[in-house]
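# A look at the structure
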Amino acid sequence: MTRISYIELDDRNLPPPTPEIEQERKVAIYDLLEENSFSLPKRDDRVVPEGPYRLQLSIRDKRLVFDIETEANEKAAEFHLSLGPFRQVVKDYFQICESYFDAVKSLPPSQIETIDMARRGIHNEGSRVLQERLEGKADVDTDTARRLFTLICVLHFGG
């Protein structure tokens, strides 16, 4: 079973999210748990525990931490990714999301659609960066990477 069955964000040290960020978080977690593809590749002749997996995402010491366990709560993997490669795309994503949330309140549908297309493009870029950073550590499909990128943005919001 190559999937995530449970996800938790460790946001204890972060400021409270805005209502928009909280909504993005809930939707991303719901969508991720409904459908995802996540597996741990075999490395150096080590046995890789089979999924489904429980994932805890956190930011520790300015690094993104993936703490992965089996459903039996046995350690499956832990890896730390530098936040550096994500900084600009996360910043761009937050700026375009802010524009989108403002636009929804006052602009016509055609302008909202244009902003939403830009938002999706930046989101796709973030998921591509994530897939590159996970190479050799975890295999995820594009939709899973997009949802995980949203959750990284939620964590980054306070990080």
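In this report, we go over the structure that sits alongside the text. (Residues numbered from 1 in each chain as written. Predicted model: local features only at pLDDT ≥ 70, side-chain atom pairs only at ≥ 80, totals over all residues. Heavy atoms only, no water.)

## Side note on the pattern of salt bridges
Under the convention used in this document: Counted as salt bridges are all cases of a side-chain nitrogen of Lys or Arg within 4 Å of a carboxyl oxygen of Asp or Glu. Each residue gets one of three labels from its accessible area relative to the maximum for its type: buried under 20%, exposed over 50%, partly exposed in between, using a 1.4 Å probe on protein chains only. Secondary structure elements are taken from DSSP: a helix is a run of H or I of four residues or more, a strand is a run of E of two residues or more, and numbering for both begins at the N terminus.
Counted by the stated rule, this structure contains nine salt bridges. With a closest N to O distance of 2.9 Å, E78 and K75 form a salt bridge. We classify K75 as partly exposed; its relative accessible area is 46%. We note a salt bridge from E125 to R128, for which the minimum N-O separation is 2.5 Å. Here E125 pairs with R128, and both are found in helix α3 (residues 109-134), just three residues apart, close to one helical turn. E125 gets classed as partly exposed once you look at its relative accessible area, which sits at 33%. A single salt-bridge network, built from bridges that share partners, covers R60, D67, K75 and E78.

## Concerning the packing of helix α2 (residues 84-106) against α3
Using the following cut-off: Interaxial angles span 0 to 180 degrees and are taken between N-to-C directions of axes, which are lines fitted to C-alpha atoms, for helices over the stretch in contact. Every angle not falling under 35 degrees, over 145, or within 65 to 115 is termed oblique; those three ranges are roughly parallel, roughly antiparallel and roughly perpendicular. Crossing handedness follows the turn of the near helix against the far one: under a right angle anticlockwise gives a left-handed crossing, and clockwise gives a right-handed one. Contact criterion: two residues are considered in contact whenever any of their non-hydrogen atoms come within 4.5 Å of each other. Side-chain classes follow a simple rule in which Ala, Val, Leu, Ile, Met, Phe, Trp, Tyr, Cys and Pro form the nonpolar group, Asp, Glu, Lys and Arg form the charged group, and the remainder, Gly included, forms the polar group.
Remark: α2 packs on α3, axes separated minimally by 9 Å, with the N-to-C direction vectors making an angle of 160°. Here α2 is positioned roughly antiparallel relative to α3, judged by the angle of their axes. The two elements α2 and α3 cross, and the hand of that crossing is left-handed. Contact with α2, carried on its side by P85, F86, V89, D92, Y93, I96, C97, S99, Y100, A103 and V104, involves I112, I115, D116, A118, R119, I122, H123, E125, G126, V129, L130 and R133 of α3 and no other residues of that element. Of the residues contributing to the contact of α2 with α3, the split by class is 15 nonpolar, three polar and five charged.

## Some thoughts on the sheet that holds strand β3 (residues 53-60)
Note on sheets: strands pair through backbone hydrogen bonds, and any given pair is parallel or antiparallel. Our working definition: DSSP bridges decide pairing: two strands pair if at least two such bridges lie between them.
In spatial order, the strands read β1-β3-β4-β5; together these four strands make up an open sheet with mixed pairing. Because the sheet does not close on itself, it has two edges, and the strands there are β1 (4-10) and β5 (75-82). Direction aside, neighbouring strands of the sheet carry axes that sit 15° apart on average. Where strand β4 (residues 63-70) lies against β5, seven bridges are found, and the strand directions are antiparallel.

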